Amino acid sequence: MTNKGYDGATPQVDGDVLSAVELNDSLSVAKFTKHFQQRSSCEALISHSNTAHSFLTSGNAIHLISGANGADTTTSKNTDLDTDSMIRVCEGTKTSGFAIEINATTAETALTSDSGTTWTTTTSAAFGGSPNDVSFPTTGLIVVGGDDTAGTDHVVFSTDSAATWTDATTSPGIVACLHMFDGTTGYVIDTSDNIWKTVNSAVDWTDTTDNFTTSVSNTSSMRCISSDIFFCSYISSGDFSIEQYTNSTNTITKVFKTIGTFDGTLGFIETTDGTLWTGAYNNDAQGLYVIAKSEDDGATWETCEFTSSVATVAAARTKKSSISEAGTDSVLIIIGEGKVMRISKN
């Protein structure tokens, strides 16, 4: 693709009309190869390596898959998490992973440090409400954000592998989505669309006074590509969009949009080679999925679309871990309820 952003060299605004050529260019499908594998009840997935993947089932038990395509030997590893949950891989050390319940005021948690061979139940996060997102940038920091219905402690964090949890000293508003760039700097978008930033490992959060103009919810996903820039993928009136925020210039720019009837996002990852991946889904049987990738730090996006043969029943926050790295040129994506698809970018 040669177009800048999602709609050509000149950014469009609501009400503009795209020509057929512009529309076809903006939705160009380029260099995607799909391989399907069936994995019963797989709802969320992380990859520790090309051949080791941990996933949540519909009962939220944690399993380990051994195999390059997520389709070989499966072993149950932990059954303590028994409500809808989220799972994340540690971005600094992929042998580690973390899972947390999302529908309990005292959310049970589990941790692996050996590529999913063992998942140990760790200290529950006393959140007082509903966790909406989690970031695991290094083995020394796990950050959970959401709605502390009992107060205003909307972010909790752990610096000791989920053995203990600490409330942020200065908290943002109710967290819709969050991501830590590293063990020091990260961002939150709250449910009032305010952007918050931490520069001291989630201890304190400062309102940047910058705001998204479109409502961001807990179905949205974030990805920092530096301490200054992050992307957010979100659903608004059924449409799937990606926006870029640059803190140093206080600017928010829409870089991609596709019209549809989408229900949530599939997560937002950056693979080892620097490729950004995100996507959106429709819950219905035969519902539309769209996968978007960028190989130039979000300047341009290429897409792949397909439909699911079965409906999605996983919670939207669980689905935010439906894309994981599966090698130097591909990702694994959960489609519907249980189908794992490997997509190669070349």
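This text follows the structure it describes.
Residues numbered from 1 in each chain as written. Predicted model: local features only at pLDDT ≥ 70, side-chain atom pairs only at ≥ 80, totals over all residues. Heavy atoms only, no water.

> Could you give an account of the overall build of the chain, naming the residues involved and the relevant values?
Along the backbone of the chain there are one helix and 28 strands. Burial analysis of the chain (346 residues in total) assigns 57% to the buried set. A sequence separation of at least 24 residues applies to 47% of the contacts in the chain between residues at least 6 apart. Carbon and sulfur atoms make up 48% of the accessible area of the chain, which totals about 12500 Å². (Helix = DSSP H or I, 4+ residues; strand = E, 2+ residues; numbered from the N terminus. Buried < 20%, exposed > 50% of the residue type's maximum accessible area, 1.4 Å probe, protein only. Contact = heavy atoms within 4.5 Å. Areas by Shrake-Rupley, 256 points an atom, 1.4 Å probe, with all protein chains shown as cover.)

> Describe the nonpolar core, and please don't skip the residues or the numbers.
With 17 residues, the main nonpolar core has Phe98, Ile100, Val134, Phe136, Ile142, Val144 and Trp165 as its most contacted residues. Of all the secondary-structure elements, those providing two or more residues to this core are strand S7 (97-101), strand S8 (106-112), strand S10 (130-138) and strand S11 (141-147). Look past the residues within four positions of Phe136 in its chain and what remains in contact with it is Arg88, Val89, Cys90, Glu91, Ser96, Gly97, Phe98, Leu111, Leu141 and Ile142. Core analysis: the next-biggest nonpolar cluster, separate from the first, contains 15 residues, Phe231, Phe256, Ala280 and Val290 among them. (Core = buried A, V, L, I, M, F, W, Y, C linked by side-chain atoms within 4.5 Å.)

> Any chance you could break down the pairing of strand S12 (residues 155-158) for me, citing the residues and the numbers?
Going residue by residue along S12, you find Val155 and Phe157 tucked away on one face and Val156 and Ser158 tucked away on the opposite face as well. Across four bridges, the pairing between S11 and S12 is antiparallel. Paired with Gly145 across the strands is Val155, a residue of S12. Where S12 meets strand S13 (residues 166-167), two bridges bridge the pair, whose relative direction is antiparallel. Directly across from Phe157, in S13, lies its bridge partner Thr166. (Pairing = 2+ DSSP bridges.)

> I'd like a description of the side chain of Asp193, backed by residues and values.
Turning to its location among the elements, Asp193 is positioned in the loop between strand S15 (186-190) and strand S16 (194-198). One buried charged residue, Asp193, forms no salt bridge at all, with the nearest opposite charge on Lys254 at 12 Å. Not counting residues within four places of it along the chain, the set of residues in contact with Asp193 comprises Asp210, Asn211, Phe212, Thr214, Ser215 and Val216. (Lys, Arg positive; Asp, Glu negative; His and termini not counted. Salt bridge = Lys/Arg side-chain N within 4 Å of Asp/Glu carboxyl O.)

> Tell me what's going on with the side chain of Glu243, and back it up with residues and numbers.
Along the chain, Glu243 turns up in strand S20 (residues 239-246). Of the side chains bearing the opposite charge, Lys254 lies closest to the buried Glu243, which forms no salt bridge; the N-O distance is 4.2 Å. Those residues in contact with Glu243 that sit more than four places away from it in its chain are Phe212, Thr214, Phe230, Phe231, Cys232, Tyr234, Ile252, Thr253, Lys254 and Val255.

> Requested: an account of the pattern of salt bridges, with residues and values cited.
Following the criterion strictly, the structure yields six salt bridges and no others. Its salt-bridge partner being Arg223, residue Glu91 comes within 3.0 Å of it at the nearest N-O pair. One end of the pair, Glu91, is in the loop between strand S6 (85-89) and S7; the other, Arg223, is in strand S18 (residues 221-224), with 132 residues separating them in the sequence. Relative accessible area serves as the criterion here: at 28%, Glu91 is assigned to the partly exposed category. Judged by its relative accessible area of 9%, Arg223 is buried. The partner of Lys320 in a salt bridge is Asp133, with the nearest N and O atoms 3.4 Å apart. With Lys320 in the loop between strand S25 (302-307) and strand S26 (323-325) and Asp133 in strand S10, this pair connects stretches of sequence that are 187 residues apart. Here the two residues Lys320 and Asp133 agree in accessibility, since each one is buried. Put simply, Arg88, Asp133 and Lys320 are held in one network by salt bridges that share partners.

> If you had to explain the sheet that holds S18 to someone new, which residues and values would you point to?
Within the open sheet, the four strands sit side by side as S18-S19-S20-S21. Their pairing is antiparallel. Because the sheet does not close on itself, it has two edges, and the strands there are S18 and strand S21 (251-258). The sheet shows a mean angle of 20 degrees between the axes of neighbouring strands, taken without regard to direction. Pairing geometry for strand S19 (residues 229-236) and S20, over eight bridges, is antiparallel. The partner of Ser236 across the bridge, within S20, is Asp239. (Axes fitted to C-alpha atoms, helices over the stretch in contact; angles between N-to-C directions.)

> Any chance you could break down the packing of aromatic side chains for me, citing the residues and the numbers?
Taken as a whole and assessed by the stated rule, the structure comprises 13 aromatic pairs. On the basis of an interplanar angle of 75 degrees and a centroid distance of 6.4 Å, the ring pair of Phe98 and Phe136 is categorised as edge-to-face. Residue Phe98 is located in strand S7, and its partner Phe136 is located in strand S10; the two are separated by 38 residues in the primary sequence. Relative accessible area serves as the criterion here: at 0%, Phe98 is assigned to the buried category. Judged by centre distance (6.5 Å) and plane angle (35 degrees), the rings of Phe231 and Phe268 are tilted. (Phe/Tyr/Trp six-rings, centres within 6.5 Å; stacked < 30°, edge-to-face > 60°.)

> Residues and numbers for the sheet that holds strand S9 (residues 120-126), please.
Strands sit in the order S6-S7-S8-S9 across an open sheet of four strands; the sheet is antiparallel. Either end of the sheet is taken by a strand with one partner, and the two such strands are S6 and S9. With direction set aside, neighbouring strand axes in the sheet form an average angle of 20 degrees. Across five bridges, the pairing between S6 and S7 is antiparallel. In the strand pairing of S7, Met86 is matched with Ile100.

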